[in-house]
Amino acid sequence: MFDKDPDTGTQASVPKPTSRRPPEDERIALRCNRKELQLLDTFVVSGEFESRSELMRAALRSFLRAKTESAVSTNPATPSPTGLLETPVRLRQDEVETFREYSALVSNDQPMTDVLAQLVRRGAVELKVSELVAQAHGAVRRATEERARVQALEESGRDLERRGVVGR
């Protein structure tokens, strides 16, 4: 592990305890002002948390738990002003990721709740959402490859102009 040396601002190796958690799949960065960092450090120095990261993970878990509980506690039998009912849905992690990708790639970043509602209305079984996501990934990949080819052709043209083979 590396931590920044508070005096020099450079990264210094810091030995960590041997009881480590498995590595995270993803990382996020969080920008804080000096006052917020000092407040975080008071919890770390007091021994309540092992590190800033542990404190932030605990805060995130608490926030997500509160949001989840408030979403579940809403009364699904009461329609919203639009006449729609909020219905909690329990999905596996891989399903959530598929629907997020569908939202981003196919539905122009609509909120996932709206995407799910549309898919339920149209029939998710008939749509085969995973296939649509795969098709969208293929389209994005093909567009990226095409852009790379165009850039290579443009560079080749500029190179020929630099060599004087062709002129404008």
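Cut-offs and rules
Within every chain, residues take consecutive numbers counted from 1 along the sequence as written. Residues qualify for local features only when their pLDDT is at least 70, as the model is predicted, and side-chain atom pairs are given and counted only at 80 or more; totals for whole chains, interfaces and linings, by contrast, use all residues. To obtain the side-chain values, all non-hydrogen atoms of the structure were used and water was disregarded. Note on conventions: DSSP H or I runs of at least 4 residues are helices, E runs of at least 2 residues are strands, and numbering of each starts at the N terminus. The cut-offs for exposure are 20% and 50% of the maximum accessible area for each residue type, with area from a 1.4 Å probe on protein chains only; residues under the lower value are buried, those over the upper are exposed, and the others partly exposed. For this analysis, residues touch if any pair of their heavy atoms sits within 4.5 Å. Here, Shrake-Rupley sampling with a 1.4 Å probe gives the accessible areas, and only protein chains in the shown set may cover a residue. By salt bridge we mean one thing: a side-chain nitrogen of Lys or Arg within 4 Å of a carboxyl oxygen of Asp or Glu. To qualify as a nonpolar core, a set must consist of buried Ala, Val, Leu, Ile, Met, Phe, Trp, Tyr and Cys residues joined through side-chain atoms within 4.5 Å. Geometry is summarised by axes, namely lines fitted to C-alpha atoms with helices restricted to the contacting stretch, and by angles between N-to-C directions that run from 0 to 180 degrees. Angles are sorted into four bins: roughly parallel if under 35 degrees, roughly antiparallel if over 145, roughly perpendicular if 65 to 115, and oblique for all others. Left-handed describes a crossing in which the near helix is turned anticlockwise from the far one by less than a right angle; the clockwise case is right-handed. Polar here means any residue other than Ala, Val, Leu, Ile, Met, Phe, Trp, Tyr, Cys and Pro, which are nonpolar, and Asp, Glu, Lys and Arg, which are charged; Gly is therefore polar.

Visitor: Looking at this model, I keep getting lost on the overall build of the protein. Mind explaining?
Guide: Counting its regular elements, the protein contains 6 helices and 2 strands. Each helix and strand of the protein, ordered N terminal to C terminal, gives the series β-β-α-α-α-α-α-α. Looking at the protein residue by residue over its 168 residues, the buried ones come to 11%. At a minimum sequence separation of 6, the contacts of the protein that also span at least 24 residues come to 28%. Total accessible area on the protein is roughly 14,400 Å²; 54% of this is exposed by carbon and sulfur atoms.

Visitor: Before we go on, may I ask you to explain the pattern of salt bridges in this structure?
Guide: Where charged atoms from two side chains of opposite charge come close, those side chains can pair. Summed over all chains, the structure comprises 10 salt bridges. The salt bridge involving Glu 54 is made with Arg 57; its shortest N-O contact spans 2.7 Å. Of the two residues, Glu 54 and Arg 57 both sit in helix H2 (residues 52–73), 3 residues apart, roughly one turn of that helix. A residue is classified by how much of its surface remains accessible, and Glu 54, at 12% relative accessible area, is buried.

Visitor: Sorry if this is basic, but what is going on with the nonpolar core here?
Guide: Nonpolar side chains in soluble globular proteins generally cluster together in the buried interior. Counting residues in each nonpolar core, the largest one holds 7 residues, listed as Phe 99, Tyr 102, Val 115, Leu 116, Leu 119, Val 129 and Val 133. For this core, the secondary structure elements donating two or more residues are helix H3 (93–105), helix H4 (112–122) and helix H6 (129–163). Tallying contributions element by element places H4 first for this core, with 3 residues. Ignoring sequence-local partners within four residues, the contact set of Val 115 consists of Tyr 102, Ser 103, Ser 107 and Gln 110.

Visitor: Is there a simple way to explain the side chain of Ser 103 in this structure?
Guide: Take Ser 103: it is sitting in helix H3. Non-local contacts of Ser 103, meaning those with residues more than four positions away in its chain, are made with Asn 108, Asp 109, Gln 110 and Val 115.

Visitor: Would you explain the packing of H3 against H6 in this entry?
Guide: Packed helices, taken two at a time, are described by the angle between their axes plus the distance between the axes. In the contact formed by H3 and H6, the axes pass within 9 Å of each other and the chain directions differ by 50°. Here H3 is positioned oblique relative to H6, judged by the angle of their axes. Handedness of the H3/H6 crossing: left-handed. In this structure, H3 contributes Thr 98, Phe 99, Glu 101, Tyr 102 and Leu 105 to the contact, and H6 contributes Val 129, Ser 130, Leu 132, Val 133, Ala 136, His 137 and Val 140. Residue classes in the contact of H3 with H6 are distributed as 8 nonpolar, 3 polar and 1 charged.

Visitor: When you look at unusual backbone geometry in this model, what are you seeing that I'm missing?
Guide: Glycine aside, a negative phi is what most residues show, and trans is what most peptide bonds show. The phi angle at Asn 108 is positive, at roughly 55°, despite the residue not being glycine. For Asn 108, the location among the structural elements is in the loop between H3 and H4. The backbone of Asp 109 sits at a positive phi, close to 60°, despite the residue not being glycine. With respect to the helices and strands, the residue Asp 109 is situated in the loop between H3 and H4. Here Asp 109 falls in the exposed class, since its relative accessible area comes to 58%.

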